[in-house]
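Listed here are the chains, written in short residue letters.
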Amino acid sequence: EKFRKRQRKRKNTESYKMAARKRHFDNRNKKLKQQKDWYYNNGGKEQAKEYQKEYHKLPYVKAARLQREIVYRVLYQIGTKKEKHSHEYLNYTAEDLRLHIESLFKPGMNWENNGCGKGKWQLDHKKEVAQFIQEGVEDPNIINALSNLQPLWTEEHARKTGKFMRSFSKKF
């Protein structure tokens with residue numbers, strides 16, 4: 001009997017597709033209501049929040065966020081708007097960025113302590129973005145080249161940026 005059902009289904013695939021489509025649209029609102037009820041009443045909302053917290057801690061997700069941030073900052077400083085995906089501005093992927101940064105980690109650095117504050121590290125441009133712009137270079141791919149990026153402890157980064165800003169303001 002199972003064999004016959006499969007044979008009938010193969011012969012009448014269009015009619016089966018139409019019937020499935022009709023069932024889907026007839027029960028769509030009922031199914032959506034069930035999903036919404038489960039989400040709000042059976043802990044689905046809390047599960048989603050927990051999942052998001054854990055997801056955003058993953059190294060490749062943090063690297064993708066860093067990639068978007070550095071592209072956005074450069075475009076903002078140049079004075080243009082972002083019109084395409086971040087990876088389209090650069091010649092490398094978020095995974096390449098992650099591997100490059102991890103290869104330059106100093107002892108104690110990891111993805112959990114990325115950010116601002118004591119005991120945290122930040123992504124630094126070896127040659128400052130403002131220097132590139134001053135020289136007339138406005139290509140995000142050149143400014144954000146992997147060879148120009150390094151992780152630095154927050155305190156180190158502040159000292160380096162402070163020195164540059166003092167010398168930069170004296171020139172103008």
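You'll find the structure just up there.
Here's a quick rundown of the structure. (Residues numbered from 1 in each chain as written. Predicted model: local features only at pLDDT ≥ 70, side-chain atom pairs only at ≥ 80, totals over all residues. Heavy atoms only, no water.)

A look at helix α6 (residues 94-103)
Right, on to step 1. Every buried residue of α6 is listed here: A94, L97, R98, H100 and I101. With its buried residues spanning 165° around the axis, α6 presents them on a single face.
Right, on to step 2. Where the residues of α6 are buried, they touch α4 (59-78), β1 (121-125) and β2 (149-153). (Buried < 20%, exposed > 50% of the residue type's maximum accessible area, 1.4 Å probe, protein only. Helix = DSSP H or I, 4+ residues; strand = E, 2+ residues; numbered from the N terminus. Arc of directions from axis to C-beta. Contact = heavy atoms within 4.5 Å.)

Focus: the packing of aromatic side chains
Right, on to step 1. Scanning all chains against the criterion turns up six aromatic pairs.
Right, on to step 2. Judged by centre distance (5.5 Å) and plane angle (70°), the ring pair of W111 and W121 falls under edge-to-face. Note that W111 is positioned in the loop between α6 and β1 and W121 in strand β1, a separation of 10 residues in sequence. With respect to class, W111 is no different from W121; both count as buried.
Right, on to step 3. By the ring-pair criterion, three or more aromatic residues cluster together here, those being F105, W111 and W121. (Phe/Tyr/Trp six-rings, centres within 6.5 Å; stacked < 30°, edge-to-face > 60°.)

Some words on the side chain of Q67
Right, on to step 1. Its place among the elements puts Q67 in helix α4.
Right, on to step 2. A relative accessible area of 5% places Q67 in the buried class.

What about the layout of surface pockets?
Right, on to step 1. Roughly 580 Å³ of volume is contained in the largest pocket.
Right, on to step 2. Lining the largest pocket are 24 residues, with R73, Q122, L123, H125 and H157 sitting closest to its centre.
Right, on to step 3. Residue assignment for the lining of the largest pocket shows that the elements contributing at least two residues are α4, β1, α7 (129-134) and α9 (154-171).
Right, on to step 4. No other element matches α4, which puts eight residues into the lining of the largest pocket.
Right, on to step 5. Partitioning the lining of the largest pocket into residue classes produces 10 nonpolar, eight polar and six charged. (1 Å grid on protein atoms, 1.4 Å probe; cavity = no way out; pocket = protein on both sides within 12 Å on 5 of 7 lines; lining within 4 Å. Points joined across faces, edges and corners; volume = space filled by probe spheres on them. Nonpolar A, V, L, I, M, F, W, Y, C, P; charged D, E, K, R; others polar.)

Considering the side chain of D124
Right, on to step 1. Relative to the helices and strands, D124 resides in strand β1.
Right, on to step 2. Residue class for D124 comes out buried when judged on its relative accessible area of 1%.
Right, on to step 3. For D124, the side chain forms a polar contact with the side chain of K160, separated by 2.9 Å.
Right, on to step 4. Ignoring sequence-local partners within four residues, the contact set of D124 consists of N148, L149, Q150, L152, H157 and K160. (Polar contact = N/O pair within 3.5 Å; in protein donor to acceptor, adjacent residues only side chain to side chain.)

Concerning the pairing of β1
Right, on to step 1. Among the five residues in β1, five count as buried, and that is most of the element.
Right, on to step 2. Burial along β1 is two-sided: W121, L123 and H125 facing one way and Q122 and D124 facing the other are all buried.
Right, on to step 3. When β1 meets β2, the two strands line up antiparallel, connected through five bridges. Bridged to L123 within β2 is P151. (Pairing = 2+ DSSP bridges.)

Function-wise, these values are silent; they only describe arrangement.
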